Amino acid sequence: MTSASSNSLDHRISLRQRLALRGIDGVTLLVLPAVLFLLAVFIYPFIYGLILSFKPKEGGTFANYRTFFSDPFLYDTILTTLWLAVPVTIISIAIALPVAFRVRLMTHQRLLTTILVLPVTLGTVLVAEGLLNYLGPQGWFSRTLMLLGMIDRPVKLTNNYWGVFSSLIITGFPFTFLLTLSYVSGVDPALEQAAATHGAGSWQRFRHVMLPLLVPGLAIAFCLSFVQAFAVFPSAVLLGAPAGPTRVISIAAYQAAFEQYDYSMASAIAMIMAVVQLLIVVAVLGIRNMFYRGSTAGGKG
Amino acid sequence: MLLASSPFHEIRLDRLSRAFGAHNALKDVSLNIRKGEFIALLGPSGCGKSTALNCIAGLLSTTGGGIFIDDKRIDTLKPEDRGFGMVFQNYALFPHMTVRQNIGFGLKMRKVAKAEIEKRVEEALNLVRLQGQGHKLPGQLSGGQQQRVAIARAIVIEPPLVLMDEPLSNLDAKLRLEMRAEIRRIHNQLGATTVYVTHDQDEALSLADRVVVLRDGEIRQVGKPSDLYERPDHLDVAEFMGYRNRLTGKVIAKDGDRMSVAVGNATLTGTARASLKVGDTAVIAARADDVVAGTRSDQAVEAVVETIEYRGREFVGTARTPQGLELVFHAPQTAELGSAIWLTIDPARALAFAA
Amino acid sequence: MIRDTTIGAKLWITAVWVVVAFFVINLLAMIATVIMSSFATRWLGTWLPAGWTTNWYFTAWSEFQLSDVLIVTFQIAFTVVALSGLLGVTAAYALARRDFPGKKLVMLLFLLPLLVPPITFGIPLATVLYQAGVGGTFWGVVLANLVPTVPFVILVMIPFIEQIDPKIEAAARVFGAGTFQLFVHVLLPMLLPGILAALLLVLVRTVAMFELTFLTAGPTSQTLVVALYYSVFAAGVRAVQSIDAMAVVYMVTTLIWLLIALRFVNPTQIVARAKQQQTTA
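- The name an unreviewed UniProt entry assigns to chain C is ABC transporter permease, from the organism Phyllobacterium sophorae.
- As recorded by UniProt, the Sequence similarities (unreviewed entry) comment attached to chain C reads in full: "Belongs to the binding-protein-dependent transport system permease family."

- You'll find chain A entered in an unreviewed UniProt entry as ABC transporter permease, with Phyllobacterium sophorae given as the organism.
- UniProt annotates chain A under Sequence similarities (unreviewed entry) with the comment "Belongs to the binding-protein-dependent transport system permease family. CysTW subfamily."

## A word on the pattern of salt bridges
All names here are of chain B.
So, step 1. Counted according to the given criterion, the structure contains 29 salt bridges over all chains.
So, step 2. Between Glu-218 and Lys-27 there is a salt bridge whose closest N-O contact spans 3.8 Å. Here the residue Glu-218 occupies a position in strand S10 (residues 218-223), and Lys-27 occupies one in strand S2 (residues 23-34), the gap between them amounting to 191 residues.
So, step 3. Two residues, Arg-210 and Glu-37, come together in a salt bridge whose shortest N-O distance is 2.5 Å. Within this pair, whereas Arg-210 is found in strand S9 (residues 210-215), its partner Glu-37 is found in the loop between S2 and strand S3 (38-42), the two being separated by 173 residues in sequence.

## Details of the interface of chain C and chain B
So, step 1. Listed by partner, the interface residues are 18 residues for chain C and 25 residues for chain B.
So, step 2. Taking both partners together, chain C and chain B bury about 1,800 Å²; carbon and sulfur atoms supply 69% of that area.
So, step 3. Its largest share of buried area at the contact with chain B, chain C owes to Lys167(C), Val174(C) and Phe175(C), together 42% of the area lost on that side.
So, step 4. At the boundary of chain C and chain B, one finds 1 salt bridge.
So, step 5. Residue Glu80(B) is joined to Arg173(C) by a salt bridge in which the shortest nitrogen-to-oxygen separation is 3.0 Å.
So, step 6. Where chain C meets chain B, there are 4 residue pairs in polar contact (both at pLDDT 80 or more).
So, step 7. Elements with a contribution of two residues or more to the side of chain C that touches chain B: helix H7 (166-174) and helix H8 (179-208) of chain C.
So, step 8. The leading source of residues in the side of chain C that touches chain B is H7(C), at 7 residues.

## Description of the UniProt feature "transmembrane region" (unreviewed entry) in chain A
Residue and element names in this part refer to chain A.
So, step 1. When the UniProt feature table is mapped to this numbering, "transmembrane region" (unreviewed entry) covers residues 26-53, 73-99, 111-135, 161-184, 213-243 and 263-287.
So, step 2. For residues 73-99, the helix share is 100%, the strand share is 0%, and the end-to-end C-alpha distance is 39 Å.
So, step 3. A helix fraction of 96% and a strand fraction of 0% characterise residues 111-135, whose end C-alpha atoms lie 26 Å from each other.

## Considerations on the interface of chain C and chain A
So, step 1. Tallying the contact residues gives 96 residues for chain C and 95 residues for chain A.
So, step 2. Interface area for chain C against chain A, summed over the two sides, is near 8,300 Å², with a carbon-plus-sulfur share of 80%.
So, step 3. At the surface where chain C touches chain A, the tally comes to 0 salt bridges.
So, step 4. No other element matches the 19 residues that helix H1 (residues 7-38) of chain C contributes to the side of chain C that touches chain A.

## Examining the packing of aromatic side chains
So, step 1. A complete count under the given rule lists 37 aromatic pairs over all chains for this structure.
So, step 2. Geometrically, the ring pair formed by Phe54(A) and Tyr65(A) is tilted, given 5.3 Å between the ring centres and 35° between the ring planes. Separated by 11 residues along the polypeptide, Phe54(A) in the loop between helix H3 (32-53) and helix H4 (63-70) and Tyr65(A) in helix H4 bring together distant segments of the chain.
So, step 3. Phe54(A) sits in the partly exposed class, given a relative accessible area of 28%.
So, step 4. Taking the relative accessible area as the measure of exposure, Tyr65(A) reaches 15% and is therefore buried.
So, step 5. Arranged with centres 4.6 Å apart and planes meeting at 50°, the rings of Phe94(B) and Phe105(B) form a pair that is tilted. Of the two residues, Phe94(B) is situated in the loop between strand S6 (85-87) and helix H3 (99-109) and Phe105(B) in helix H3; the sequence distance between them amounts to 11 residues. An identical accessibility class is assigned to Phe94(B) and Phe105(B); each is buried.
So, step 6. Taken together, the ring pairs in this structure connect Phe233(A), Tyr254(A), Phe258(A), Tyr263(A), Tyr130(C), Phe210(C), Phe214(C), Tyr229(C), Tyr230(C) and Phe233(C) into an aromatic cluster.
So, step 7. When the ring centre of Phe68(B) is taken as origin, the NZ or CZ atom of Arg12(B), which lies over that ring, is 4.6 Å away.
So, step 8. One Lys or Arg, Arg18(B), reaches over the ring of Phe20(B) and ends 4.4 Å from the middle of that ring.

Scoring rules and cut-offs
Residues numbered from 1 in each chain as written. Chains lettered and ligands numbered in written order. Predicted model: local features only at pLDDT ≥ 70, side-chain atom pairs only at ≥ 80, totals over all residues. Heavy atoms only, no water. UniProt positions renumbered as here; feature names shortened; annotations may be inferred. Salt bridge = Lys/Arg side-chain N within 4 Å of Asp/Glu carboxyl O. Helix = DSSP H or I, 4+ residues; strand = E, 2+ residues; numbered from the N terminus. Contact = heavy atoms within 4.5 Å. Buried area = accessible area lost by both parts, 1.4 Å probe. Polar contact = N/O pair within 3.5 Å; in protein donor to acceptor, adjacent residues only side chain to side chain. Phe/Tyr/Trp six-rings, centres within 6.5 Å; stacked < 30°, edge-to-face > 60°. Buried < 20%, exposed > 50% of the residue type's maximum accessible area, 1.4 Å probe, protein only. Lys NZ or Arg CZ within 6 Å of the ring centre and 35° of its normal.

Here it is as structure tokens:
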């Protein structure tokens, strides 16, 4: 185009401009590599696993699922896992909430939060290894209790339910606490002060002001903590009794995949695992929806 | 700094349009900007003035029309290829660069030699009177100083066109006046072609060679500040220029462009700004300065005082006519609230529009 | 803040602190056990070890081929850091700057890998990777680890990018910066603290990520934490102290990066980012 004829000035809105008006241009395309990557290594394997679970080594389409739900050695793993994950989550939340209420008043939270972030980043394997020594029959824990005269012979806390339970608390509580703390600090202190000036005592303030505001956050914290605990794996092997009382569902899935090389069965177990997690999450979020959802930042928020 | 030597004669907006979905933010705006001219785009918020500026800068694509420097079409170029300078409302200084690096940014992008950049940045610092502040970060400067950096950054590249997007709106009243004078001084010194967006008529009138009044995405009037101030073409432009008093009545006599309009029992006279004939409904518009409390006469409107304020040399008040219209007036002495007064309107300064 | 001074309130506060202290003491004692054991000549049935030595570190170093494992660990971790930075920052930029149809769906896609525990998606993912022939290799481990880290970088970076005024980018453009120059001279320096924090956390997460690496690693692509698992799993073959020495090496490796990361971010961010995004989504 050498000169701009009046035709070229006409109101022709190009496709590029129409897309740009809807927010799609070169910049938007930057999201594509990450999206494609996750479709390939996250969504695709999930769908692949789902389909694979319906193509068992032998038997009909649902053979894997039928096997799982007819063999107590397999279906009991769900109960075993829930029996670990649910108490751990409830106890973590029940302790995290009052502690978070105290910690939010502290000006120097950083040291405590840093100590608590340790087990989250050290991971389950190290915690399991440490607890094997510490909670073992000759470990400091039992020794201290004996010294205090609370017991007369070492308590058995490893290679059973309690070993896994402790390790889940050690790695799970800090996670739950830091989540809860971020919710509790997010509530505008002026709301509590306002309640106090209207004559609400500390229990009333908690019951009628803070708790309703916190329920949505606590529900999320519950879901995330539960999902982490439900996926317990290394500590159930190292600290528990992986053949018996702490044979959790991820052990069953792992054994199917890497000991029996039955990827179809392993995928079926992984899908069952996902469904159980999903059911609990949906149930908790469903309860959450019956409460107030919105800003906790006070009037200005 | 030889901006005046940039080899072009005019910048032309040719039926420039921009639509956001079904909403036309800018409709067929045509304007010729001569080299060295200071143009103000004036209008209320949402009138399309910022859209126009962003289209010229290339930050928004147009949906119709073109922008030309002489015969070269530039609206198809990316913003970085247009070579304009721009001053943003919130300054948009790079927070991680020193004042010197901020000013030199455009030159660096143009791959100017280091020594040359240093020399020109120093000149620009002197021009905006920020000698000795070059090593600071923008966060260490006051609002006025940041604005000076933003101006220096825009002019140091000697652009064919400097765009200014409400550059004074973030400053307090005193600083705003001071920076207005600075912008005027710098423009006089460099003669940079400038398009200046504002919603403040004082700013537009005091700075610009020509003012473009926009409303609903369309140009309402283009003219010298004095033309706009004294002879607005439309009632809405008049309103924007401070003609706050409007009285509606019938044209009863006509002498050239002098219209006599009957408003209630009074006969008001004004200069016609529309073609009016005897019997038409007309609006007499007048500024508060030209409505004065005086004695009862055929040319005076009766009204009841509602507020009165002392303004130093005189009083300014509002009063309501029997028809329920509110008028703003000046008075040499105070008046009793609720008392009736007679307001005369300077016939030489009043304007008559079609209703 | 309101403070109660009644007896009940004081008892309640004391109880809360006792619980916290109990937890912290047990946690620190557990870590101390591991460290002490790694320096112990012999530690059986006593409060403290019989004697002190640093020999276990040399034993562990040769027995577990720690130098190889460490090299592999850092090769994997830094590759994951680089790739998740590249994929994550670009995607975060698009998500912070544009609203487009389907954006909520894309956000959900980035949230899921953080909400679903690794072992759940790791098993089908490992199956696919083994089918594709990358299972058990270096790249298999890298790919698996990228699944949670790319979304993590995205969710950490979005608020960082959102707080940068788009007018500053507009200014850079107007003054002649092309896309590359805009990135190098303006965006990168302004985003650097955020990118650094996000990538350090990715490093910590990758070094500490057990499940995904465990499911996808082969003999030559094991990271430190997987090697640690195997050595604990096969305990009895090796001396406990030697395993503990390895655990200390692992702990130090993670902690160094964690401490650096904590200079840039608040500890609550390490767990709370995903949830903040989630409540607004």
